[in-house]
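If you want the building blocks of each chain, they are given just below.
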Amino acid sequence: MSEGNREIAKIIKKLDELYEHLEQLKVETISSLGKKEALHIIDFHGNNWIDISGWIMAEYREEVRNSLLFFYYCMVFKEICWMQLLFLMCNYSAVYRNLRYVWELIFQGYYVDSRCSDEDLDRRIELARELEEERYGWRLVNSVLKDLGFSDNEIEKHVRPLWVYLNKHAHPSPLQFEEVARADFSILVTDAFNKELAVSLLRKTDAVFDLIHYAMLKSFSKAIGLAKKYRFLNEWKKYAPLTYSIVTDKDEIFCEP
């Protein structure tokens, strides 16, 4: 082994020692929640991403080339994989920050696509850059929710509280610190598993991705025909009721995170 490789091996060994405790956290998360809940982010939301992407590609092979929404959606699977890993390692706040990011990302793509149907992808990216100067955060999200057909009452009751909650993890928030401290103070200073916080995070993850996938199928509605044949559609009734409603023509029911 060369001198350079020996030095790299020493560094890797030190890093493995530094993060050794994370392996135990993964074991504790899986043993405490069970395989289905512990791997819910990748198994449910990751598989939904794979299937919905495939349905959209099958029905909109040419149109997706210029879709900013679909371009952004292609970036989401990587984030799902990271959220699953962070969840297993009990970094709940980091998952919340990622949830806020992908939610706004997809809604920005929806906003631009719905107003620029004749523009190519490069122009839509330019428009998204311009959009950051005047419409972002809740103002953007609220506009898209109204585009999707949600009433002011539905938004204020079911959606805005979730957005506000995610923001508490994206920005320093004494209220968020207090909530975590009540559940387990040690989590503020070290990595630790907490079942109450973990389950709460999973349900909020469901609520965010339900809105994301609802927006995708609203925008690419021809994919709904393929979604109707989905063998796991009944799982959406519990974890993605909005998405389930658009596929089955049922009344809209929001996740209650």
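This write-up is about the structure you can find in this document. Quick caveat, the model's predicted, so the values are computed rather than measured.

Notes on the overall build of the protein chain
Part 1 of the argument: Helices and strands together make up the secondary structure of the protein chain, namely 15 helices and 0 strands.
Part 2 of the argument: Against the 2.2 N^0.38 benchmark of 18 Å for 257 residues, the protein chain shows a C-alpha radius of gyration of 20 Å, consistent with a compact globule.
Part 3 of the argument: Projected onto the principal axes, the alpha-carbon positions of the protein chain cover approximately 55 × 50 × 40 Å.
Part 4 of the argument: Here the protein chain holds 257 residues, and the buried ones make up 48% of them.
Part 5 of the argument: Looking at the protein chain as shown, the accessible area adds up to about 13,600 Å², and 53% of this sits on carbon and sulfur atoms.
Part 6 of the argument: For the protein chain, the distance from the average position of its 34 positive side-chain charges to the average position of its 41 negative side-chain charges is 3 Å.

Structural notes on helix α9 (residues 137-147)
Part 1 of the argument: Burial of α9 is extensive: 8 of the 11 residues sit out of reach of the surface.
Part 2 of the argument: Buried positions along α9 lie against α7 (92-115), α8 (121-131), α10 (152-170) and α12 (195-219).
Part 3 of the argument: Looking at the residues trailing α9, positive phi occurs at Gly 149, about 100 degrees.

Comments concerning a negative patch on the surface
Part 1 of the argument: Residues Asp 118, Glu 119, Asp 120 and Asp 122 make up a contiguous surface patch of negative charge.
Part 2 of the argument: Tracing the backbone shows Asp 120 in the loop between α7 and α8.
Part 3 of the argument: Residue Asp 120 is classed as partly exposed on the basis of its relative accessible area, which comes to 40%.

A few points about unusual backbone geometry
Part 1 of the argument: The phi dihedral of Cys 90 falls on the positive side, at around 65 degrees, and the residue is not glycine.
Part 2 of the argument: With respect to the helices and strands, the residue Cys 90 is situated in the loop between α6 (76-88) and α7.
Part 3 of the argument: On the basis of relative accessibility, which here comes to 4%, the residue Cys 90 falls in the buried class.

Considering the nonpolar core
Part 1 of the argument: One finds Trp 103, Phe 107, Met 216 and Trp 236 to be the most contacted residues of the largest nonpolar core, which totals 85 residues.
Part 2 of the argument: Excluding its chain neighbours within four sequence positions, the residues that come into contact with Phe 107 are Leu 140, Val 141, Val 144, Leu 145, Leu 148, Leu 211 and Ala 215.

Topic: the side chain of His 40
Part 1 of the argument: Mapped onto the fold, His 40 is located in helix α4 (residues 40-59).
Part 2 of the argument: Discounting chain neighbours no more than four positions away, the residues touching His 40 are His 45, Gln 84, Leu 202, Arg 203, Asp 206 and Tyr 239.

As for the packing of α7 against α10
Part 1 of the argument: Remark: α7 packs on α10, axes separated minimally by 8 Å, with the N-to-C direction vectors making an angle of 125 degrees. Taken together, the axis directions place α7 and α10 in an arrangement best described as oblique. The chirality of how α7 crosses α10 is left-handed. Residues Ser 93, Tyr 96, Arg 97, Leu 99, Arg 100, Trp 103 and Glu 104 of α7 pack against Val 159, Leu 162, Trp 163, Tyr 165, Leu 166, Asn 167, His 169 and Ala 170 of α10.
Part 2 of the argument: Here the residues of the contact of α7 with α10 sort into 9 nonpolar, 3 polar and 3 charged.

Some words on the pattern of salt bridges
Part 1 of the argument: Evaluated as defined, the whole model comprises 12 salt bridges.
Part 2 of the argument: As a salt-bridge pair, Asp 206 and Arg 203 come within 2.9 Å of each other at their nearest N and O atoms. Residue Asp 206 and its partner Arg 203 are both found in helix α12; the two are separated by 3 residues, about one turn of the helix.
Part 3 of the argument: For Asp 206, a relative accessible area of 2% puts it in the buried group.
Part 4 of the argument: On the basis of relative accessibility, which here comes to 21%, the residue Arg 203 falls in the partly exposed class.

Focus: the packing of α7 against α12
Part 1 of the argument: At a minimum axis distance of 10 Å, the contact between α7 and α12 shows a crossing angle of 10 degrees. When the interaxial angle is binned, α7 and α12 end up roughly parallel.
Part 2 of the argument: Taken together, the residues of the contact of α7 with α12 sort by class into 18 nonpolar, 3 polar and 1 charged.

Scoring rules and cut-offs
- Sequence order as written defines residue numbering, which begins from 1 separately in each chain.
- Only residues with pLDDT of at least 70 get local features here, since the model is predicted, and only at 80 or more are side-chain atom pairs given and counted; chain-wide, interface and lining totals rely on the full set of residues.
- Side-chain measures were taken over the full set of non-hydrogen atoms in the model, leaving aside hydrogen atoms and water.
- We count a stretch as a helix when DSSP gives it H or I for four or more residues in a row; a strand needs E for two or more, and each element gets its number in order from the N terminus.
- For the radius of gyration, the atom set is restricted to C-alpha positions; the globular benchmark scales as 2.2 Å times the number of residues to the power 0.38.
- For every residue, the accessible area (1.4 Å probe, protein chains only) is compared with the maximum for its type, and the residue is labelled buried under 20%, exposed over 50%, or partly exposed between those bounds.
- To be clear on the numbers: accessible area is Shrake-Rupley with a 1.4 Å probe, and residue cover counts the displayed protein chains and nothing else.
- Think of it this way: Lys and Arg go in the positive column, Asp and Glu in the negative one, and His and the chain ends go nowhere.
- Note on charges: their place is set at NZ of Lys, CZ of Arg, CG of Asp or CD of Glu.
- Two residues qualify as a contact provided that any one of their heavy atoms is within 4.5 Å of a heavy atom in the partner residue.
- Here a patch means residues that are over 30% exposed by relative accessible area and free of salt bridges, tied together within 9 Å if like-charged and within 5 Å if nonpolar (Val, Leu, Ile, Met, Phe, Trp, Tyr).
- Salt bridge, as applied in this entry: a Lys or Arg side-chain nitrogen positioned within 4 Å of an Asp or Glu carboxyl oxygen.
- The criterion is simple. A nonpolar core is a set of buried Ala, Val, Leu, Ile, Met, Phe, Trp, Tyr and Cys residues joined through side-chain atoms within 4.5 Å.
- In this analysis, axes come from line fits to C-alpha atoms, helices being fitted only over the stretch in contact, and the angle between any two N-to-C directions falls in the range 0 to 180 degrees.
- Roughly parallel here means an angle under 35 degrees, roughly antiparallel means over 145, roughly perpendicular means 65 to 115, and every remaining angle is called oblique.
- The handedness criterion is simple: a crossing whose near helix is rotated anticlockwise from the far helix by less than a right angle is left-handed, and one whose near helix is rotated clockwise is right-handed.
- Under this grouping Gly is polar, as are all residues other than the nonpolar Ala, Val, Leu, Ile, Met, Phe, Trp, Tyr, Cys and Pro and the charged Asp, Glu, Lys and Arg.

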